[in-house]
Amino acid sequence: MKNLYTIFLLITFCKISLAQDIPTPSLFCDNDSTKKKTIELINAKRTEGFLLLEGGFYQLDNNSILPIMVHLDQKTIYHFLVVGQTDLDFLEVGLGHEAFGTDEVQDRIRKNRDHTYFTNFTYVPPFSGNYLLSVTERCKGKKKFSTAIYLMVKPKKLNLN
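Everything quoted here is computed from the prediction, not taken from an experiment. (Residues numbered from 1 in each chain as written. Predicted model: local features only at pLDDT ≥ 70, side-chain atom pairs only at ≥ 80, totals over all residues. Heavy atoms only, no water.)

Our next topic: the nonpolar core. Judged by nonpolar contacts, the single largest core of 37 residues is most densely connected at Leu72, Phe80, Leu95, Tyr123, Leu133, Val135 and Ile149. Those residues within four positions of Val135 in sequence are excluded, and the remaining contacts are Leu60, Ser64, Ile65, Leu66, Val82, Leu91, Glu92, Val93 and Ile149. (Core = buried A, V, L, I, M, F, W, Y, C linked by side-chain atoms within 4.5 Å. Buried < 20%, exposed > 50% of the residue type's maximum accessible area, 1.4 Å probe, protein only. Contact = heavy atoms within 4.5 Å.)

Here is the structure:
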């Protein structure tokens, strides 16, 4: 299992270094429900003191993994937010570090079981470093679609000591 994770990271780093088809976030989204839910969730976290750190709407290919490298600081409170298409069949979000050997945080949503199309979670990293956020979404009948992926952070004065 560790070898598979290492191979995945190697492929990801190669893909990033060669800059081949790496989607960049934009403000464009082709689904009003996705936009509205994203704004609702961001505003709810802002009232809890979180600030928007980075993110946007990514154009995902159906049933492919979107890797995003994020640098996280130890003892800092982060909030991850992923909003997919309302008609998605499957959404999977993982967050990991090579020291773990596998994703530490992972959420799998199946529309027919969970009746939702978004996930969000708060995470406090045990150490500073680069973490890999991976997002996979599947929608029947679509080749590409917009998915919101945002990272929020609590200001240092509100974080753990």
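The next subject is the confidence of the model for the protein. Summarising the model, the protein shows a mean pLDDT of 82, and 80% of its residues fall at 70 or more. Confidence, read as mean pLDDT per element, is least for helix 1 (residues 2-18) in the protein (45) and greatest for strand 3 (residues 78-83) (96). Predicted confidence is poor over residues 1-22, with pLDDT under 50, and the contacts of this stretch with residues over four places away or in other chains come to 19 contacts. (pLDDT = per-residue confidence, 0-100. Helix = DSSP H or I, 4+ residues; strand = E, 2+ residues; numbered from the N terminus.)

Right, let's talk about the packing of aromatic side chains for a bit. The final tally for this structure, using the stated rule, is 7 aromatic pairs. Here Phe100 and Tyr131 contribute two aromatic rings whose centre-to-centre distance is 6.3 Å and whose plane-to-plane angle is 50°, an arrangement assigned as tilted. Of this pair, Phe100 sits in the loop between strand 4 (90-96) and strand 5 (103-110) while Tyr131 sits in strand 7 (residues 129-138), placing them 31 residues apart in sequence. Taking relative accessible area as the criterion, Phe100 reaches 27% and is therefore assigned partly exposed. (Phe/Tyr/Trp six-rings, centres within 6.5 Å; stacked < 30°, edge-to-face > 60°.)

For the rest of this paragraph, the subject is the pattern of salt bridges. Summed over all chains, the structure comprises 6 salt bridges. Taking the shortest distance from any N to any O, the salt bridge between Glu40 and Lys37 comes out at 3.1 Å. You can see Glu40 and its partner Lys37 sitting in helix 2 (residues 32-47), 3 residues apart, about one turn around the helix. With a relative accessible area of 15%, Lys37 lands in the buried category. Here Asp61 and Lys144 are joined by a salt bridge, their closest N and O atoms 2.8 Å apart. Linking Asp61 in strand 1 (residues 51-61) with Lys144 in strand 8 (residues 144-153), this pair joins segments that are 83 residues apart in sequence. Note on Asp61: relative accessible area 35%, which makes it partly exposed. (Salt bridge = Lys/Arg side-chain N within 4 Å of Asp/Glu carboxyl O.)

Let us now look at the sheet that holds strand 2 (residues 65-72). Either a parallel or an antiparallel arrangement is found when strands of a sheet pair, and the pairing is made through backbone hydrogen bonds. Taken in spatial order, the 4 strands line up as 2-7-4-5 in an open sheet, and their pairing is antiparallel. Edge positions in the open sheet fall to strand 2 and strand 5, since each of these has one partner strand only. Neighbour to neighbour, the strand axes of the sheet diverge by 15° on average, direction disregarded. Examined bridge by bridge, strand 4 and strand 5 share 7 bridges and lie antiparallel to one another. For Phe90, the partnering residue across the bridge sits in strand 5 and is Arg110. (Pairing = 2+ DSSP bridges. Axes fitted to C-alpha atoms, helices over the stretch in contact; angles between N-to-C directions.)

Pairing within the open sheet is antiparallel, and its 4 strands lie in the order 1-8-3-6. The open sheet has two edge strands, strand 1 and strand 6 (118-123), and neither has a second partner. The sheet shows a mean angle of 15° between the axes of neighbouring strands, direction not considered. Judged from the 6 bridges that link them, strand 3 and strand 8 form a sheet pairing that is antiparallel.

This paragraph deals with the side chain of Glu92. Relative to the assigned elements, Glu92 resides in strand 4. At 2.5 Å, the side chain of Glu92 forms a polar contact with the side chain of Arg108. Contacts of Glu92, omitting those with residues within four sequence positions, involve Gln106, Asp107, Arg108, Ser134, Val135 and Thr136. (Polar contact = N/O pair within 3.5 Å; in protein donor to acceptor, adjacent residues only side chain to side chain.)

The next subject is unusual backbone geometry. Positive phi is not limited to glycine here, since Asn63 has a value of about 60°. For Asn63, a relative accessible area of 44% corresponds to the partly exposed category. The phi angle at Lys75 is positive, at roughly 60°, despite the residue not being glycine. Locating Lys75 in the fold gives a position in the loop between strand 2 and strand 3.

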